Amino acid sequence: MTTPPQISFTEIELDAIAAAKGRVAIFVEGEGKLGLAARRVNRLTKGALGRFVASEAFSKMKQGDAKTLGYPVGFAADAVDVVKLNRRATVPDARKAGAALARLQGGDDCLVMAGNNTRCSEIAFGFAMRAYGFDAHKTGDKTTPGAVTFAVAKPEEVAAQSAPLAAVVEGVFFTRDLVNEPANVLTTDDFAARLAAMHELGLEVEILEEADLAKLGMRTLLAVGEGSESPSKVVVMTWNGGGDEAPLALVGKGVVFDTGGISIKPAGGMEDMTMDMGGAGVVSGVMRTLALRKAKANVVGLVGLVENMPDGRAQRPGDVVRSMKGDTVEVINTDAEGRLVLCDVMWYAQERFNPSGMIDLATLTGAVIIGLGHENAGVFSNNDALCNAFLKAAEAEGEGAWRLPLSPGYDEQLKSRIADVKNVGGRPAGSITAAKFLQRFVKEECPWIHLDIAGVASLTKESTLAPKGATGWGVMALDRMIRDKFEG
Ligand code: BES
Ligand code: MN
Ligand code: ZN
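None of the values given here were measured: they were computed from a predicted structure. (Residues numbered from 1 in each chain as written. Chains lettered and ligands numbered in written order. Predicted model: local features only at pLDDT ≥ 70, side-chain atom pairs only at ≥ 80, totals over all residues. Heavy atoms only, no water.)

### Here we look at the overall build of the protein chain
- Summing up its helical and strand segments, the protein chain has 16 helices and 19 strands in all.
- A compact globule built from 488 residues should have a C-alpha radius of gyration of about 23 Å, and the protein chain, at 24 Å, falls within 12% of that.
- In terms of overall dimensions, the protein chain has C-alpha extents of about 80 × 50 × 40 Å along its principal axes.
- By the burial criterion, 56% of the 488 residues in the protein chain qualify as buried.
- Taking the contacts inside the protein chain whose residues are at least 6 apart along the sequence as the reference set, 77% of them involve residues at least 24 apart.
- Taken together, the 53 basic and 61 acidic charged side chains of the protein chain have centroids lying 6 Å from each other. (Helix = DSSP H or I, 4+ residues; strand = E, 2+ residues; numbered from the N terminus. Rg over C-alpha atoms; globule rule 2.2 N^0.38 Å. Buried < 20%, exposed > 50% of the residue type's maximum accessible area, 1.4 Å probe, protein only. Contact = heavy atoms within 4.5 Å. Lys, Arg positive; Asp, Glu negative; His and termini not counted. Charge placed at Lys NZ, Arg CZ, Asp CG, Glu CD.)

This is the structure in structure tokens:
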């Protein structure tokens, strides 16, 4: 697994500024007032910092932006990174500042003079989040990451605040690795093995194999995997950190590769379908975070791991398959496979755990990208209280999320001539009809959220907290929601 940078927190030692190797970072408030460390830098550079802070370039910088003074006189370091950030910064600005420093770091050692900034742990969190890189398949010289030291006014206090945030970083990195991994490496077997290894963290991990799934009647899930050499699986991860209350259930779509099946996708862009297990990736990352920070909540994570391939044994368009719930599904399009996987796992989650709420995550539809682009995930819910709690958490974490409707009228589009329901509802409102399909498999009394993350799970551009590729979208929001709503 890609390991997050180990950030240490130490006392402020002004003489370390001139002596430090690698890079030194300082923070300057918006109005340009210099703090203790900045004054020392100004003195060492014979006023160069003061000139920079008085410049138009500095005034044009936004909160959290960084500019580098290269090879400054008076320093052993190669660079001084000057970050514009108020002492009482907002959380997003503090994270952005940390991320800006991580982008500049390369393999260098880094001394961050964070001083008495009130958001030191959030700066460190942003740093760690952006320090991600997926180089598992790059040969040649790997840059060994440099040591990152934050000099702060109250090291113990900041270290304590950072511990749960470091658990979030670990969860996000775990998710990103899963999502970035190609499908010849991350097979259903490999995915399940990575989850089984989380047993070490105190999670209970149970792997249901094809024979178990057949016995349970998960026929729509099994039908999706029939064309693949990789065995379909459902992995159940249980974290019992609460009392004896019913758990929250998280359910993830884990299609390790989606060719479309017999309704095969066009070649262009098909390689992106290595990320079609993104929902399962987020569920796994959240479970990792909960275990690492020993969350005081009961949460069960279930992922349906399958591969959607065309083959002599693959399911065909027109097939009718009976779900675990008992509803029959006419498979019009084998490329609408995610809902076939989820409906069985969601039904199983409710039957077995009688959860107090259920949240499913899936890279479910291309249509959600048409509707919301890459800024927001599609949110669907049958319960305003749970939904609003999630939206609030997502907003606080800066993870875009936008609610879409589930009005009954959309059910018309899913009517089948020969079965109870079709697996596609035509072009109009493709994300909503997908959600409506799932809703058939949610018991009326079960508060439920469906998150369509097709547009946000992996990006072709870097974002504030992530390089290009997998983002880990949702780990932060779900962890926060669990903390705020389910942990006393
Ligand atoms: N995995 C895809 C959805 C997807 C598209 C995810 C783009 C990420 C990026 C899903 O299984 C799919 O193929 N959906 C079809 C549904 C259609 C056949 C009703 C789609 O969106 O085209
Ligand atoms: Mn598909
Ligand atoms: Zn898919």
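Moving on from the model shown.
### Concerning the nonpolar core
- The biggest cluster of nonpolar side chains holds 85 residues, and the ones touching the most others in it are Phe 150 and Phe 390.
- Not counting chain neighbours up to four residues away, the residues in contact with Phe 390 comprise Ala 401, Ile 449, Leu 451, Trp 473, Ala 477, Leu 478 and Met 481.
- Ranked by size, the runner-up nonpolar core spans 45 residues in total, among them Val 234, Trp 347, Leu 406 and Ala 435. (Core = buried A, V, L, I, M, F, W, Y, C linked by side-chain atoms within 4.5 Å.)

### Examining the site of ligand 1
- For ligand 1, the set of nearby residues contains 17 residues, the closest of which are Lys 265, Asp 276, Asp 335, Glu 337 and Gly 366.
- Asp 335 places a side-chain nitrogen or oxygen 2.8 Å from an oxygen atom of ligand 1.
- Contact between ligand 1 and Thr 363: a nitrogen atom at 3.4 Å from a main-chain N or O atom of the residue.
- Relative to its unbound accessible area of 510 Å², ligand 1 is 77% covered by the protein chains.
- Within the shell around ligand 1, the residues separate by chemical class into six nonpolar, four polar and seven charged. (Near = heavy atom within 4 Å. Polar contact = N/O pair within 3.5 Å; in protein donor to acceptor, adjacent residues only side chain to side chain. Areas by Shrake-Rupley, 256 points an atom, 1.4 Å probe, with all protein chains shown as cover. Nonpolar A, V, L, I, M, F, W, Y, C, P; charged D, E, K, R; others polar.)

### Looking at the coordination of the zinc ion (ligand 3)
- The protein atoms donating to the zinc ion (ligand 3) are Lys 253 (NZ), Asp 258 (OD), Asp 276 (OD) and Glu 337 (OE), with metal-donor distances spanning 2.0 to 2.4 Å.
- Geometry at the zinc ion (ligand 3) is octahedral, judged from its six donor atoms and the angles of 78 to 174° they form at the metal.
- When the donors of the zinc ion (ligand 3) are listed by position in the chain, the intervening gaps give K-x4-D-x17-D-x60-E.
- Taken as an interatomic distance, the gap from the zinc ion (ligand 3) to the manganese ion (ligand 2) is 3.1 Å; Asp 258 donates to each of them. Remark: Asp 276 occurs in the loop between β9 (248-258) and α11 (278-292) and Lys 253 occurs in strand β9; sequence separation between them is 23 residues. Note on accessibility: Lys 253 and Asp 276 belong to one class, buried. (Donors = N, O, S within 2.8 Å, 3.2 Å for Na, K, Ca; no water. Tetrahedral: all angles 85-135°; square planar, octahedral: opposite > 155°, others 65-115°.)

### Observations regarding the side chain of Asp 319
- Mapped onto the elements of the fold, Asp 319 is located in the loop between β10 (298-308) and β11 (320-322).
- Of the polar contacts made by the side chain of Asp 319, one reaches the backbone nitrogen of Arg 316; its length is 2.9 Å.
- Beyond its immediate stretch of four places on either side in the chain, Asp 319 contacts Val 329, Glu 330 and Val 331.

### Brief notes about the coordination of the manganese ion (ligand 2)
- Coordination of the manganese ion (ligand 2) by the protein involves Asp 258 (OD), Asp 335 (O), Asp 335 (OD) and Glu 337 (OE), with metal-donor separations of 2.0 to 2.2 Å.
- Every donor counted, the six donor atoms about the manganese ion (ligand 2) form angles of 70 to 168° at the centre, which fits irregular coordination.
- All donors to the manganese ion (ligand 2) come from one chain, and their sequence spacing reads D-x76-D-x1-E.
- Among the residues examined, Asp 335 registers a relative accessible area of 22% and is labelled partly exposed.

### Section: the sheet that holds strand β4 (residues 79-84)
- Spatially, six strands are ordered β1-β6-β5-β2-β4-β3 in an open sheet, and the strand pairing comes out mixed. Here the strands that pair on one side only, and so sit at the sheet edges, are β1 (7-10) and β3 (66-70). Between one strand axis and the next, the sheet turns by 25° as a mean value, whatever way the strands run.
- Pairing geometry for strand β5 (residues 110-115) and strand β6 (residues 148-152), over five bridges, is parallel. Along β6, the bridge assignment pairs Val 112 with Phe 150. (Pairing = 2+ DSSP bridges. Axes fitted to C-alpha atoms, helices over the stretch in contact; angles between N-to-C directions.)

### Considerations on the sheet that holds strand β12 (residues 328-330)
- Pairing within the open sheet is mixed, and its three strands lie in the order β11-β12-β16. The open sheet has two edge strands with one neighbour each: β11 and β16 (421-422).
- Pairing of β11 with β12, which is carried by three bridges, proceeds in the antiparallel orientation. In the sheet register, Arg 322 faces β12, and the bridge partner there is Thr 328.

### A word on the packing of helix α7 (residues 155-180) against helix α16 (residues 475-486)
- Two elements in contact, α7 and α16, have axes separated by 10 Å at closest approach and are oriented at 140°. The angle between the axes of α7 and α16 places the two elements in the oblique class. Remark: the crossing between α7 and α16 carries right-handed chirality. Across the interface between the two elements, Val 168, Gly 171, Val 172 and Thr 175 of α7 pack against Val 475, Met 476 and Asp 479 of α16.
- Of the residues that constitute the contact of α7 with α16, the class distribution is four nonpolar, two polar and one charged. (Parallel < 35°, antiparallel > 145°, perpendicular 65-115°, else oblique. Left-handed = near helix turned anticlockwise from the far one by under 90°.)

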